[in-house]
Amino acid sequence: MKAMKAKGGRCKLAMLALPLVIALMAGSLYACSPSAPAASDEKKTPEATQEAKQDAAKDANAQEANVNQAVSPVDVAASVGGYPNFLDNNSGMFADTYFNTQLLNTGNRGCNACHTNLFSVMDINQDGFEHIVVSGGFDKNGTYQDCEPCHRTHEPLTGMYMGDIIHASHYSNELFVENNGNCWSCHAVNADPETGEFELVMYDDLYNKAALGGYPTAGSNPLVRDWAAARGFRSGLVTSMATETNPNVEISFDQAVVDNPDDVFVVNNWGPEVTGKGEGENAFKIEGEGETFSFDSICDENNTITITGVKEPKSFTKADLEAMPQTDFTMTLACGTNGNGGSLVANVPMTGVSLNYVLDLCGGVVEGNNIVTVQAYDGWMSFPVPMEAEVYTKDSFLVTKQFGKDLTDDQGGPIMVASKGSAGVIQVKHIKSMNFQQSDTFVKGAGMLFVNGMWFQNEGSTYKLGEPIELSAVAYSFNREGGDIETVSFSFDMGETWQDYTMASEISGYDPYQWCRATLKWTPSAAGSYTIMMQAKTDQGLEMDDPVSLIVVVEE
């Protein structure tokens, strides 16, 4: 049997899209997985939606006219439109040293130096498609890491590669040009320590690494740090990042659900802002179906799910499912292309019927049928290539409720399918059909980063020395693909030393299908800018591609 895996480190086919956004960027394209709760179930007319988009765009422009002083303080008088002027050197979140301010100019570099929150500029293009990510949650600022994973793959069903768009739109943007924006506003130069070859990288991929500033092996070679320390650089890092090898910190873990349902990210494949557009030949249609449809029809309470490839094909309504034995469970719902440290993840309580129970009502899957295709009423399929049947026949449910309430339209009502331990792309919303078949070509999963996590705080938060600091973070895995989270580790010295915690010991009744939430109570010993890192490993030996980092500023 041939199994075509949707895996492979950084080169896997990603499914769920978050864009690499800029002010004045193009809209997004068809791409994405279903996912979680909405701020409201209220349906909107196309006119109301367009008006709301215009208001949102105005708000986004207004936000973009402000500079986040905590992250990158600048002399606004020396800038145009509130954006930082690249020639007005500053250190931003880093220590205000000559090296950071005058040479690295750390405060004027990276996407968030100009765009405090990339989520706020996603839909500036009022005439294009609204971006499929409706909300990110947790009051997290959108960053390059949120956008890059889906826009780097150059594959169908992901965001377009935006390198050309980014460069052209920035250099043709009056504000960027008048504020002396240039290549180094977005890029940095790093070197391969083995070959000595230099490479142009995104500043956002380097700013939190020990390599920033010119020593590519500073994070792994003590001799390099000793040399830098001898030249007067704090902690042996040319950025003078503060470090603590033995921090005064208490760390506890739990698997609580999200505090506020509105914090769960929302992804809509289409939505009324798209389906309500066009007339006649230009009306929006489901590809291959030849009929126009409305978002209301996708979410109709009377819609059925039809199961075929079983001994007794059947169709079920929401009411039919609710008359069956119900199961309450909690699982981590995460976007398949949620970037390193991205906020498209949440621990969500759900209610539904075991899919195995429903399959038994259908007489079971026909012998030999080893794959399944799942389709939604909006035309979405869980994957262009069929999935291995076990993805849905093991620990999977037909869900009608989240947080104890009927699914909203944005959550995927009236029925969604939930597969524990799988990426968001597989959790198909507005489910229409499941068809079991036999094939030697299939995929076993669709997650891009097997192991991931995030900090709930934004970068650059400032605290007073002497006062205890409380921070929180989560780690999770697509454990069907990469194994259960076994250990979560933290470093307060740029990754030189780590404190390891075993989840089975830290969390009573540990459930690997749920995230591991950490609460850190830390009292720093000295003022400075710290990069706190989190790493997680699975019982299969896999770990995060890069530790998830958070810069914390401690002032006297």
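These numbers were taken from a predicted model, which means no experiment stands behind them.

Peer 1: Let's hear about the overall build of the chain: which residues, and what values?
Peer 2: Along the chain, the regular secondary structure elements total 15 helices and 23 strands. In the chain, buried positions account for 56% of the 556 residues. Intrachain contacts of the chain at a sequence separation of at least 6 include 72% that bridge at least 24 residues. When the accessible surface of the chain is split by element, carbon and sulfur atoms take 48% of a total near 22,900 Å².

Peer 1: Please set out the pairing of strand β14 (residues 416-419) residue by residue, giving values where relevant.
Peer 2: Neither face of β14 is left uncovered, since the one carrying Met 416 and Ala 418 and the one carrying Val 417 and Ser 419 both have all their residues buried. Relative to β14, strand β12 (residues 396-402) runs antiparallel, the two sharing four bridges. Across the sheet, the residue bridging to Ser 396 is Ser 419, located in β14.

Peer 1: Help me get a handle on the sheet that holds strand β11 (residues 387-388), residues and values and all.
Peer 2: Judged by pairing direction, the sheet is mixed, and its five strands sit side by side in the order β7-β6-β15-β10-β11 without closing on themselves. Unpaired on one side and paired on the other, β7 (314-317) and β11 mark the two borders of the sheet. Pairing of strand β10 (residues 371-376) with strand β15 (residues 431-437) involves six bridges; the strand directions are antiparallel. Residue pairing in the sheet places Val 374 in a bridge with Met 434 of β15.

Peer 1: Quick rundown of the confidence of the model for the chain? Include the residues and the values.
Peer 2: When pLDDT is averaged along the chain, the result is 81, and 78% of the positions lie at 70 or above. Across residues 1-78, confidence stays below pLDDT 50; counting only partners more than four residues off in sequence or on other chains, it has 239 contacts.

Peer 1: Report on a nonpolar patch on the surface, specifying residues and quantitative values.
Peer 2: There is a patch of nonpolar side chains on the surface, built from Trp 184, Val 189, Phe 198 and Leu 200 and spanning about 450 Å² of accessible area. Inspection of the secondary structure assignment puts Leu 200 in strand β3 (residues 198-202).

Peer 1: Tell me about the sheet that holds strand β22 (residues 528-538), and please be specific about residues and values.
Peer 2: Judged by pairing direction, the sheet is mixed, and its five strands sit side by side in the order β17-β23-β22-β19-β20 without closing on themselves. Looking along the sheet, the strands with just one partner apiece sit at the ends: β17 (461-464) and β20 (499-502). Direction aside, the axes of adjacent strands within the sheet are offset by 25 degrees on average. Pairing geometry for strand β19 (residues 485-491) and β20, over four bridges, is antiparallel.

Peer 1: Quick rundown of the pattern of salt bridges? Include the residues and the values.
Peer 2: Inspection of the entire model under this criterion finds nine salt bridges. Salt-bridge contacts for Lys 314 lead to Glu 312; the nearest nitrogen and oxygen are separated by 3.9 Å. You can call Lys 314 partly exposed: its relative accessible area is 31%. One salt bridge in this structure joins Asp 406 and Lys 401, with 3.3 Å as the shortest N-O distance. You can call Asp 406 partly exposed: its relative accessible area is 39%. It is possible to trace a salt-bridge network through shared partners that takes in Glu 301, Lys 318, Glu 322, Lys 401 and Asp 406.

Peer 1: Give me the lowdown on the environment of Gly 213, citing residues and values where you can.
Peer 2: Looking at the secondary structure, you find Gly 213 in the loop between β3 and α8 (222-230). Sequence spacing of Gly 213 and Asn 100 is 113 residues, and the spatial spacing of their C-alpha atoms is 8.5 Å. Apart from residues no more than four positions distant in its own chain, Gly 213 is found in contact with Phe 99, Leu 104 and Val 238.

Peer 1: Help me get a handle on the environment of Thr 519, residues and values and all.
Peer 2: Tracing the backbone through its elements, the reader meets Thr 519 in strand β21 (residues 516-522). The spatial distance from the C-alpha of Thr 519 to the C-alpha of Ser 472 is 4.6 Å, given a sequence separation of 47 residues.

Peer 1: Go over the packing of aromatic side chains with me, naming the residues and quoting the values.
Peer 2: Under the definition given, this model contains 14 aromatic pairs. Aromatic pair Phe 138 and Trp 515: ring centres 6.5 Å apart, planes at 45 degrees, arrangement tilted. Note that Phe 138 is positioned in the loop between β1 (133-135) and α4 (144-147) and Trp 515 in the loop between α15 (503-506) and β21, a separation of 377 residues in sequence. The interplanar angle of 90 degrees and the centroid separation of 5.6 Å between the aromatic rings of Tyr 171 and Phe 176 together place this pair among those described as edge-to-face. Judged by relative accessible area, Phe 176 falls into the buried class, the value being 13%. Pairwise contacts between aromatic rings join Phe 253, Trp 455, Phe 490 and Tyr 501 into one cluster.

Peer 1: Now, about unusual backbone geometry: what can you tell me, with residues and values included?
Peer 2: In terms of backbone geometry, most residues other than glycine have negative phi values and most peptide bonds are trans. Residue Pro 414 follows Gly 413 across a cis peptide bond; omega there is 5 degrees. Residue placement: Pro 414 occurs in the loop between β13 (405-406) and β14. Here the phi dihedral of Asn 180 falls at roughly 60 degrees; this positive angle occurs in a residue that is not glycine. By secondary structure assignment, the location of Asn 180 is in the loop between α6 (174-178) and α7 (183-186). Judged by relative accessible area, Asn 180 falls into the partly exposed class, the value being 29%.

Peer 1: Go over α8 with me, naming the residues and quoting the values.
Peer 2: Of all the positions in α8, only Val 224, Arg 225 and Ala 228 are classed as buried. Within α8, the buried residues cover an arc of 95 degrees as seen down the axis, which keeps them to one side. Exposed residues lying more than 90 degrees from the buried face of α8 are Leu 223, Asp 226 and Ala 230. Regarding α8, its N-cap is Asn 221, as a side-chain oxygen of that residue lies 2.9 Å from the backbone nitrogen of Leu 223 further along. Just downstream of α8 lies Gly 232, where phi reads positive at about 100 degrees.

What counts and what doesn't
- Residues numbered from 1 in each chain as written.
- Predicted model: local features only at pLDDT ≥ 70, side-chain atom pairs only at ≥ 80, totals over all residues.
- Heavy atoms only, no water.
- Helix = DSSP H or I, 4+ residues; strand = E, 2+ residues; numbered from the N terminus.
- Buried < 20%, exposed > 50% of the residue type's maximum accessible area, 1.4 Å probe, protein only.
- Contact = heavy atoms within 4.5 Å.
- Areas by Shrake-Rupley, 256 points an atom, 1.4 Å probe, with all protein chains shown as cover.
- Pairing = 2+ DSSP bridges.
- pLDDT = per-residue confidence, 0-100.
- Patch = residues over 30% accessible without salt bridge, like charges linked within 9 Å, V, L, I, M, F, W, Y side chains within 5 Å.
- Salt bridge = Lys/Arg side-chain N within 4 Å of Asp/Glu carboxyl O.
- Axes fitted to C-alpha atoms, helices over the stretch in contact; angles between N-to-C directions.
- Phe/Tyr/Trp six-rings, centres within 6.5 Å; stacked < 30°, edge-to-face > 60°.
- Arc of directions from axis to C-beta.
- Polar contact = N/O pair within 3.5 Å; in protein donor to acceptor, adjacent residues only side chain to side chain.

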